[in-house]
Amino acid sequence: MQKRPHVQGYTPGERALDVFEKPEAGSWTEAFGLPTTPVSLRDIHDPGFFELEKEAVFRRSWLYVGRVERLPRRGSYFTKELPFLGVSALIVRGLDDHIRAFHNACSHRGNKLVWSDDPDRETAGSCRQFACKYHGWRFDLEGDVAYVHNAPEFFDLDPAELALPRIHCEVWAGFVFINLLDEPRETLREFLTPTVERLEDFPFERMTEAWVCEGVVKANWKVFIDAYQELYHVPYVHSKMNDPKAQATGSDKVPFMVPRFLRFGRHRMYSSGGPTANSEVRSSRPLDALFRSSLYGPIDPPDVGPLGEGINPGRLERWGLDNWMLYPNFTIQVWGLGWYTVYEHWPIDVDSHRFILSMYFVPPRNGFERLSQEHTVNTVREFVLQDYGSCQTLQQAVSRNPRDRYFLNDQEVLVRHLHHCVVEDVERYRRERAQEGGAGDAR
Amino acid sequence: MRDEPMLPEAFSDLEPFAASWCLSDANARYEQRLASSMTALQAFYDAVGARADAILRHLATRDPQAMDDADRNLLWLMGSFSTVGFAVDVFKQPEVPDTGGASMPWTTTPWP
Ligand code: FES
Ligand SMILES: [Fe+2]
């Protein structure tokens, strides 16, 4: 009997989907300047690649480390642990209100300067000076040495030499970034590109009610970012999220289509209708109606005024959300309903990473608004846990698969773009190292 | 029966659920879901569901930063109700299916 695989055209059930116009190039992939051929996924499981990626991608990029709201006063600080890069960073608001970053290590004999209880755990607080727990040396908020215990016993101490090593630190739209190069190749704003920069009009500073959760995911950092870069998986991974009792539409596995993709250098984004897109999909639940809240956010948010000129750069008519994937590992999701989400994916090893999910709302005015927000974060987390599961499975399966040709469709253009940029950076780094005569070694 | 009621007078019918579900910590609310049988989750869901409208209307008149203990307990009870929602009406099991025990505990949550 002849096989008749369905690999072209729509099934009758799929005809219910919303189809959107393609760019002039014919496809999003070609508009991005990317090949349409099958891809390798070695970059998610090759340990040698990971060693190069740390240097070529993470040590050369501006890295998001936290919101300014975590530094409310002069003397406020927090630490950020990046063990995969061998870095513990100390981020501080100085007496001059400037935000600075330092290597979190004492100049005396190098012990960890700021930590509490467990040196592996991040900490935060507020102080006038940092005091080392080992021999009591103190440093001011500008990183200069302030006090050396039993100083006469030392030999010719020069204060200039005793300051904490600085890490380049810049702030955009209330997001604090660091750059680990001695001389960053570009400023933060150059790195972000003008289009991303404009997003700073969004009223992030009004949304100070924070819900943050995190976990260690047994998957390469890029694998989880990929889970937000396409909605092709949604009808399958999240099918159980749909309300089985909602009014039937005649098409169960309706594909979710993204109407607009854009790239800005190594950064990329998509916009979609959010709650108003894909009308055929059954997702509303009885509790959503009660709490007036869903995956897309609380339905009646406090008025925050205009959301700024930076959102919806593709000028969608029915706009609901933007998903800005900033290179390498930082995603900002801004919602038409007046809240935002931040995703951070910090490598631990080639096949595991630390995932931090932060959700921010305007502080609730009453108990009902407070619960609408909680219902949104609870819903988001249920979705995220499903993605978590599929990412871990993918990591394991790909690393055991003899196949190394995988197939990306046009709706997966952002997946292709991320891996393409990372591989390109690693290749460039490899060439540079070879020219310097350091071929073969990862540093 | 507890001597001290935990909830506002108007919602005393939910008092039997208060000790288990009026939990100030969002992680504790989720752990309670995982530790409960489906029978227990369904009973909690049905009882609170029947009163949810009235509870939310009541809490809409309360400032989160100036609530008394009883209103705060009611708020946390509703937080638990939202937390168990997916287990009862979609998954039919306490855990999110196909996640291999993945977890994302809260590290920062608002007060209350
Ligand atoms: S190592 Fe810090 S005071 Fe000695
Ligand atoms: Fe997903």
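Under the counting rule described, the total for this entry stands at 35 aromatic pairs over all chains. Taken together, a centroid distance of 4.8 Å and an interplanar angle of 55° make the contact between Phe202(A) and Phe204(A) tilted. Each member of the pair, Phe202(A) as well as Phe204(A), is classed as buried. Taking the centre distance of 4.8 Å and the plane angle of 85° together, the rings of Phe204(A) and Tyr340(A) count as edge-to-face. Residue Phe204(A) is found in the loop between α4 (188-197) and β11 (209-217), and its partner Tyr340(A) is found in strand β18 (residues 339-349); the two are separated by 136 residues along the sequence. Judged on exposure class, the residue Phe204(A) and its partner Tyr340(A) are both buried. Each residue in the set Tyr64(A), Trp172(A), Phe175(A), Phe177(A), Phe202(A), Phe204(A), Phe330(A), Tyr340(A) and Tyr360(A) is aromatic and connected to the rest through ring pairs, giving one cluster. For the cation-ring pair, Lys133(A) lies above Trp115(A), with the distance from its terminal atom to the ring centre recorded as 4.8 Å. The ring of Phe86(B) carries Arg285(A) above its face, with NZ or CZ at 3.7 Å from the centroid.

On to the interface of chain B and chain A, then. The partner chain A presents 40 residues to the 40 residues of chain B that form the contact. If you sort the residues of chain B by the area they bury against chain A, Phe86(B), Met104(B) and Trp106(B) come out on top, with a joint share of 24%. Summed over the shared surface of chain B and chain A, the result is three salt bridges. Ionic pairing is found between Glu382(A) and Arg33(B), a salt bridge with its closest N-O pair at 2.6 Å. Elements that contribute at least two residues to the side of chain B that touches chain A include exactly α2 (26-35), α3 (38-59), α4 (69-91) and β1 (106-108) of chain B. Among the elements that make up the side of chain B that touches chain A, the one with the highest residue count is α4(B) (eleven residues). Looking at the side of chain B that touches chain A residue by residue, the class counts come to 23 nonpolar, ten polar and seven charged. In this sheet, β1(B) lies alongside β11(A) in antiparallel orientation, the contact comprising two bridges. Paired with Cys213(A) across the two strands is Trp106(B), which belongs to β1(B).

With that out of the way, let us pick up the sheet that holds strand β8 (residues 145-147) of chain A. Residues and elements named next belong to chain A. An order of β6-β7-β8 is seen for the three strands of this open sheet, with the pairing classed as antiparallel. Each edge of the open sheet is held by one strand with a lone partner, namely β6 (129-131) and β8. Strand after strand, the sheet turns through a mean of 35° between neighbouring axes, direction not considered. Pairing analysis gives three bridges linking β6 to strand β7 (residues 138-140), with the strands arranged antiparallel. Following the sheet pairing, Gln129 is matched in β7 by Asp140.

The next subject is the pattern of salt bridges. For the structure on display, the rule yields 33 salt bridges over all chains. One salt bridge in this structure joins Lys80(A) and Glu344(A), with 2.7 Å as the shortest N-O distance. Placement of Lys80(A) in strand β2 (residues 76-82) and of Glu344(A) in strand β18 is noted, with a sequence separation of 264 residues between them. Among the residues examined, Lys80(A) registers a relative accessible area of 3% and is labelled buried. Judged by its relative accessible area of 5%, Glu344(A) is buried. The residue Glu374(A) makes a salt bridge to Arg29(B) at a minimum N-O spacing of 3.1 Å. With one member in each of two chains, Glu374(A) in helix α8 (residues 367-400) and Arg29(B) in helix α2 form a pair that bridges those chains.

Residue and element names in this part refer to chain A. Protein-derived ligands of the iron ion (ligand 2) are His233 (NE2), His238 (NE2), Asp387 (OD) and Asp387 (OD), with the metal-ligand distances lying across 2.1 to 2.5 Å. Angles of 56 to 143° at the metal separate the four donor atoms of the iron ion (ligand 2), which places the site in the irregular class. Within one chain, the residues serving as donors to the iron ion (ligand 2) are arranged as H-x4-H-x148-D. You can see His233 sitting in the loop between α5 (221-229) and α6 (234-237) and its partner Asp387 sitting in helix α8, a full 154 residues away along the chain. Assigned by exposure class, His233 and Asp387 land together as buried.

Before going further, it helps to examine the domain arrangement of chain A. Residues and elements named next belong to chain A. When its domains are assigned, chain A resolves into domain 1 (16-59 + 198-435) and domain 2 (65-183). For domain 1 and domain 2, the distance between their C-alpha centres works out to 33 Å. With 19 residues of domain 1 at the contact, the number on the domain 2 side is 16 residues. Roughly 1,500 Å² is buried in total at the junction of domain 1 and domain 2, and carbon and sulfur atoms are behind 66% of that figure. At the boundary of domain 1 and domain 2, one finds two salt bridges. Between Glu122 and Arg354 there is a salt bridge whose closest N-O contact spans 2.8 Å.

Definitions and cut-offs
Residues numbered from 1 in each chain as written. Chains lettered and ligands numbered in written order. Predicted model: local features only at pLDDT ≥ 70, side-chain atom pairs only at ≥ 80, totals over all residues. Heavy atoms only, no water. Phe/Tyr/Trp six-rings, centres within 6.5 Å; stacked < 30°, edge-to-face > 60°. Buried < 20%, exposed > 50% of the residue type's maximum accessible area, 1.4 Å probe, protein only. Helix = DSSP H or I, 4+ residues; strand = E, 2+ residues; numbered from the N terminus. Lys NZ or Arg CZ within 6 Å of the ring centre and 35° of its normal. Contact = heavy atoms within 4.5 Å. Buried area = accessible area lost by both parts, 1.4 Å probe. Salt bridge = Lys/Arg side-chain N within 4 Å of Asp/Glu carboxyl O. Nonpolar A, V, L, I, M, F, W, Y, C, P; charged D, E, K, R; others polar. Pairing = 2+ DSSP bridges. Axes fitted to C-alpha atoms, helices over the stretch in contact; angles between N-to-C directions. Donors = N, O, S within 2.8 Å, 3.2 Å for Na, K, Ca; no water. Tetrahedral: all angles 85-135°; square planar, octahedral: opposite > 155°, others 65-115°. Domains from an automatic or database assignment.

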